[in-house]
Amino acid sequence: MAALTVGFFATIEAVSEDQTDGAQLVRQHCGSCHAVPMPDVLPNDTWPYLLDLMGLYFGYDDGRLLASIPGENVRRQLFDVDRYPDQPLLTRDEWVSIRDYYESSGGSDPVSPPPDGKPLTLFEPSMVFFDDPAPVTSLVQIDPSGTGFFLADARGQTLHTFDTRGQLVSSKSVPGIPVQMNMNQLILIGSLPPSNAALGAIAEWLPGEHDWQLVTKKMHRPVHAVNADFDLDGDEDILACEFGHYVGRIGLYERKNKTDFELHVISTEPGAVAARLLDRGDDKLPDVLVLNAQAREGIVLLRNRGNLQFDREVLLVKHPGFGYTDMHMMDLDGDGTDELLTVNGDNGDLPGPPLKAYHGLRIYKMLPGPMLEEQLFLPLQGAFRAAPGDFDGDGDIDIAAISFFPDPRSPEQGFVYFENKGDLNFSRKIFAEGSLAPWMTMGAGDVDNDGDLDLVLGSGFVRPQQTNRSSASADSRRLPAALLLRNKTMQHSSLQQED
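Source: prediction; values computed, not measured. (Residues numbered from 1 in each chain as written. Predicted model: local features only at pLDDT ≥ 70, side-chain atom pairs only at ≥ 80, totals over all residues. Heavy atoms only, no water.)

A.B. asks: Explain the packing of aromatic side chains to me, please; I cannot follow it from the model alone.
C.D. replies: For any pair of aromatic rings, geometry is given as the distance between the ring centres together with the angle between the planes. As enumerated under the stated definition, the model contains 17 aromatic pairs in all. For the pair Phe322 and Tyr324, a centre-to-centre distance of 5.0 Å together with 65° between the ring planes defines the contact as edge-to-face. Pair check on accessibility: Phe322 and Tyr324 agree, each one buried. Pairing Phe322 with Tyr358 gives two aromatic rings, centres 5.7 Å apart and planes at 5°, and the pair type is stacked. Taken together, the residues span a long stretch of sequence, with Phe322 in the loop between β20 (309–318) and β21 (324–330) and Tyr358 in the loop between β22 (339–344) and β23 (360–367) at a distance of 36 residues. (Phe/Tyr/Trp six-rings, centres within 6.5 Å; stacked < 30°, edge-to-face > 60°. Buried < 20%, exposed > 50% of the residue type's maximum accessible area, 1.4 Å probe, protein only. Helix = DSSP H or I, 4+ residues; strand = E, 2+ residues; numbered from the N terminus.)

Here's what the structure looks like:
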């Protein structure tokens, strides 16, 4: 039998015409690129659209997706055209059998409504506005000095500074769309919508300068980065998750001097969405945990072997519709060791979007090996970001979470506060203001320097038809760029001391 290799496809053995069992064909062909999704991971009415997309990789344009786009450059931006074969890789009967395997399955069961939430009174909410009537807040960063917070306006490519009351102090243009701020460093995604163009960059505010200086360019939609001395030469390097679109990578940028970096490509797979430093050895070389979305969703350990060389070890694999978006490490059960907290709820690739019972937050115990053991699942439709911290001051770690694709049956669960009751028992708390916007970004910290943790939620009005707004509290003229949640813990403590 002849072997076929196209783009990033693993070698595919051609099959005989009578080998048309759908499940077997799916394992053989779809499983060569990503974990095989079972038919019950999506509603039945969603599969035809997705199969139209997947058919392109096998040489079939059933949905006339490519044929409907006249410009080659547009096709290259929207689709992975360089990876499509000129001739079909399967017979028509085989492709029909694969489609039938999914389309006739019945799809996923109806998703139950979200659990009820108790009233949340820990925070005092107040809305923050941009001039933009439909703001896209791509970054939230609370000033560690306790004097306010920063918001980035993606449309205007502007970094705004706000005081402790949420009043605008200053605005400064930046050379791109910021999605992360590390001290005097900005990660600039280049394009919020999916794109294969290498427009991303990293900018730094250098001593003596009066503007942000680009120190890297031509990055593939970087969304997250960690800074560390990966080669122990005394200089801090940057490992960037370049999420990309159909083209992406994990890039390690070795610092040569203040403004000069040398790129070392660690992985050429797209979809890296978050990274966390992890030192599991005695060599002082920082290892990295990477959360990956896109086709190969899962968690990967990059073992630092020195000289900027890494071994790649897959710790967890999920199907390509899982929708990973965020990851944190923190001691959530109070045993003195960190757990891994993951968030999955991205739903932007499918029409609807469909409800998915597996969206939410998961807590993993990190075992020797290393291995990951799931300890707890907290369901949350469209979960997008999490912020762990001791918000109520009782000594354990709570979790604040936002949704960018909230359940329309419970739009106020666009924000959920999971209060830690001990032994990984969390109480779900919500308030009406959670429905004000599709929340895309979030920051936690002491906004007003009063000793407790506040929150700022950043909105992303890129899907206005799906925005759920509370008529009782939303401003009728403008949409909020952010929601400042001022923690009342220290206020209550002061009142109790006075009494």
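From this point, the narrative continues.
A.B. asks: Is there a simple way to explain helix α2 (residues 47–55) in this structure?
C.D. replies: Residues lying three or four places apart along an α-helix face the same way, a consequence of the helix completing one turn every 3.6 residues. Those residues of α2 that sit buried are Trp47, Leu50, Leu51, Asp52, Leu53 and Gly55. Residues of α2 that are buried make contact with α4 (92–103). (Contact = heavy atoms within 4.5 Å.)

A.B. asks: Help me understand the sheet that holds strand β15 (residues 249–255), please; the structure alone is not making it clear to me.
C.D. replies: Remark on secondary structure: sheet strands pair via backbone hydrogen bonds, oriented parallel or antiparallel. Pairing in this open sheet of 4 strands is antiparallel, and the strands run β13-β14-β15-β16 from one edge to the other. What marks the edges here is a single partner per strand, and that holds for β13 (222–228) and β16 (261–267). The mean angle between the axes of side-by-side strands here comes to 25°, regardless of whether they run parallel or antiparallel. The sheet contact formed by strand β14 (residues 237–242) and β15 spans 5 bridges and is antiparallel. Bridge pairing in β15 links Ala240 to Gly251. (Pairing = 2+ DSSP bridges. Axes fitted to C-alpha atoms, helices over the stretch in contact; angles between N-to-C directions.)

A.B. asks: Sorry, what's going on with the side chain of Lys429 here?
C.D. replies: Along the polypeptide, Lys429 turns up in strand β28 (residues 426–430). In this structure the side chain of Lys429 is engaged in a polar contact, spanning 2.6 Å, whose partner is the side chain of Glu419. (Polar contact = N/O pair within 3.5 Å; in protein donor to acceptor, adjacent residues only side chain to side chain.)

A.B. asks: For this particular structure, what's the right way to read the side chain of Thr137?
C.D. replies: Positionally, Thr137 belongs in strand β5 (residues 137–142). Judged by relative accessible area, which is 0%, Thr137 ranks as buried.

A.B. asks: Is there a simple way to explain the nonpolar core in this structure?
C.D. replies: As a rule of thumb, nonpolar side chains are buried together in soluble globular proteins. Core analysis: the biggest nonpolar cluster contains 35 residues, and Leu289, Ile299, Leu340 and Leu372 have the highest contact counts within it. Among all residues touching Leu372, those that are not within four sequence positions of it are Ile299, Leu315, Leu316, Leu340, Tyr364, Lys365 and Met366. With 20 residues, the next largest nonpolar core counts Leu120, Phe391, Ile402 and Leu483 among its residues. (Core = buried A, V, L, I, M, F, W, Y, C linked by side-chain atoms within 4.5 Å.)

A.B. asks: Would you take a moment to explain the pattern of salt bridges for this structure?
C.D. replies: Pairs can form between side chains of opposite charge once their charged atoms are near each other. Under the definition given, this model contains 22 salt bridges. Close ionic contact of Asp163 with Arg165 constitutes a salt bridge, the shortest N to O distance being 3.1 Å. Accessibility expressed as a relative area gives 57% for Arg165, which makes it exposed. In this structure, Arg486 engages Asp448 in a salt bridge whose closest nitrogen and oxygen atoms are separated by 3.3 Å. (Salt bridge = Lys/Arg side-chain N within 4 Å of Asp/Glu carboxyl O.)

A.B. asks: Explain the sheet that holds strand β6 (residues 149–153) to me, please; I cannot follow it from the model alone.
C.D. replies: As summarised here, the arrangement of the 4 strands in space is β5-β6-β7-β8, forming an open sheet in which the pairing is antiparallel. Each edge of the open sheet is held by one strand with a lone partner, namely β5 and β8 (168–173). Taking the axes of each pair of neighbouring strands and ignoring which way they run, one obtains an average angle of 20° across the sheet. As judged from the 5 bridges shared by strand β7 (residues 158–162) and β8, these two strands associate in the antiparallel manner. Bridge pairing in β8 links Leu159 to Lys172.

A.B. asks: Just checking my understanding: could you explain the confidence of the model for the protein chain for this structure?
C.D. replies: For any part of a model where pLDDT is low, the fine detail of the predicted coordinates should not be relied upon. In this model, the protein chain carries an average pLDDT of 89, and 91% of its residues clear a pLDDT of 70 or more. Considering only residues more than four positions removed or in separate chains, one finds that residues 1–19, a stretch of pLDDT under 50, has 44 contacts. Contacts from residues 494–499, a stretch scored under 50 in pLDDT, to residues over four places away or in other chains number 0 contacts. (pLDDT = per-residue confidence, 0-100.)

A.B. asks: Even after reading the chapter, I still don't get α4, so can you show me in this structure?
C.D. replies: Relative to the 16 Å expected for 12 residues at 1.5 Å per residue, α4 spans 16 Å between its end C-alpha atoms, a close match to the ideal helical length. Listed as buried for α4 are Glu94, Trp95, Ser97, Ile98, Arg99 and Tyr102. Considering only its buried residues, α4 is in contact with α1 (22–29) and α2. (Expected span 1.5 Å × (residues − 1).)

A.B. asks: Explanation requested: the environment of Ser410 in the structure shown.
C.D. replies: Within the secondary structure, Ser410 is located in the loop between β26 (398–403) and β27 (415–420). Overall, Ser410 belongs to the buried group, its relative accessible area being 7%. Through-space distance from the C-alpha of Ser410 to that of Asp116 is 8.9 Å; in sequence the pair is 294 residues apart. Looking at Ser410, its side chain comes within polar contact range of the side chain of Glu412, at 2.9 Å.

A.B. asks: Would you mind going over the layout of surface pockets with me for this structure?
C.D. replies: Gaps between atoms show up when a probe of the same size as a water molecule is rolled over them. Roughly 340 Å³ of volume is contained in the second largest pocket. Only β5, β7, β8 and β9 (178–182) provide two or more residues apiece to the lining of the second largest pocket. The element contributing the most residues to the lining of the second largest pocket is β8, with 3 residues. Grouping the amino acids of the lining of the second largest pocket by side-chain chemistry returns 8 nonpolar, 6 polar and 2 charged. (1 Å grid on protein atoms, 1.4 Å probe; cavity = no way out; pocket = protein on both sides within 12 Å on 5 of 7 lines; lining within 4 Å. Points joined across faces, edges and corners; volume = space filled by probe spheres on them. Nonpolar A, V, L, I, M, F, W, Y, C, P; charged D, E, K, R; others polar.)

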